[in-house]
Amino acid sequence: HDALPIYSRARQPSSHTPSAPTRRRSLALARLYLLDAMEQSLRNNDQPIREHLRTATSRAELLRAFEMCREIAGDVGVGHIDVIEEKFMDMLPDES
């Protein structure tokens, strides 16, 4: 039986630092996120990019498709493309 009160034990430093939550990364997840983000951002102007995103099956193809998204978003004045890019990159798996 431990003699320390509960609140004292809870305040003691841990021997390990908690790691950041593991983020799910996958091509499918990144592609679906980008499809959804572009649909919401571009409304009816997302048709040119949809087919490119649907057929993208590699990291390189998704990155090329994102560059198209960035270009279209710039043309129509989507101001939050940097936020979309950050989330997209967080979901995109690292190169293997």
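Residues numbered from 1 in each chain as written. Predicted model: local features only at pLDDT ≥ 70, side-chain atom pairs only at ≥ 80, totals over all residues. Heavy atoms only, no water.

(A) Expanded view of the pattern of salt bridges. Applying the stated rule across the entire model yields four salt bridges. For the salt bridge of Arg-70 with Asp-82, the shortest nitrogen-to-oxygen distance reads 3.5 Å. Taken together, the residues Arg-70 in helix α4 (residues 59-76) and Asp-82 in helix α5 (residues 81-91) connect sequence positions twelve residues apart. In this structure, the salt-bridge partner of Glu-85 is Arg-70, at a minimum N-O distance of 2.2 Å. In this pair, Glu-85 is assigned in helix α5 and Arg-70 in helix α4, connecting sequence segments 15 residues apart. (Salt bridge = Lys/Arg side-chain N within 4 Å of Asp/Glu carboxyl O. Helix = DSSP H or I, 4+ residues; strand = E, 2+ residues; numbered from the N terminus.)

(B) How the structure looks around the packing of helix α2 (residues 27-42) against α4. Viewed as axis vectors pointing N to C, α2 and α4 meet at an angle of 10 degrees, and their least axial separation amounts to 11 Å. What the angle tells us is that α2 and α4 run roughly parallel. Along the contact surface, α2 presents Leu-27, Ala-30, Arg-31, Leu-34, Met-38 and Leu-42, while α4 presents Arg-59, Leu-62, Phe-66, Cys-69, Ile-72, Ala-73 and Val-76. Classifying every residue of the contact of α2 with α4 gives eleven nonpolar, no polar and two charged. (Axes fitted to C-alpha atoms, helices over the stretch in contact; angles between N-to-C directions. Parallel < 35°, antiparallel > 145°, perpendicular 65-115°, else oblique. Contact = heavy atoms within 4.5 Å. Nonpolar A, V, L, I, M, F, W, Y, C, P; charged D, E, K, R; others polar.)

(C) Summary view of the packing of helix α3 (residues 47-55) against α4. Two elements in contact, α3 and α4, have axes separated by 9 Å at closest approach and are oriented at 165 degrees. Taken together, the axes of α3 and α4 lie roughly antiparallel to each other. Here the hand of the crossing between α3 and α4 comes out left-handed. Between α3 and α4, the residues in contact are Pro-48, Ile-49, His-52, Leu-53 and Thr-55 and Glu-61, Leu-62, Ala-65, Met-68, Cys-69 and Ile-72, respectively. For the contact of α3 with α4, the class distribution of residues is eight nonpolar, two polar and one charged. (Left-handed = near helix turned anticlockwise from the far one by under 90°.)

(D) Just the confidence of the model for the chain, in detail. A residue-level look at the chain finds 73% of positions with pLDDT of 70 or above and a mean pLDDT of 78. Mean pLDDT across the secondary structure elements of the chain bottoms out at helix α1 (residues 6-11), with 51, and peaks at α5, with 92. (pLDDT = per-residue confidence, 0-100.)

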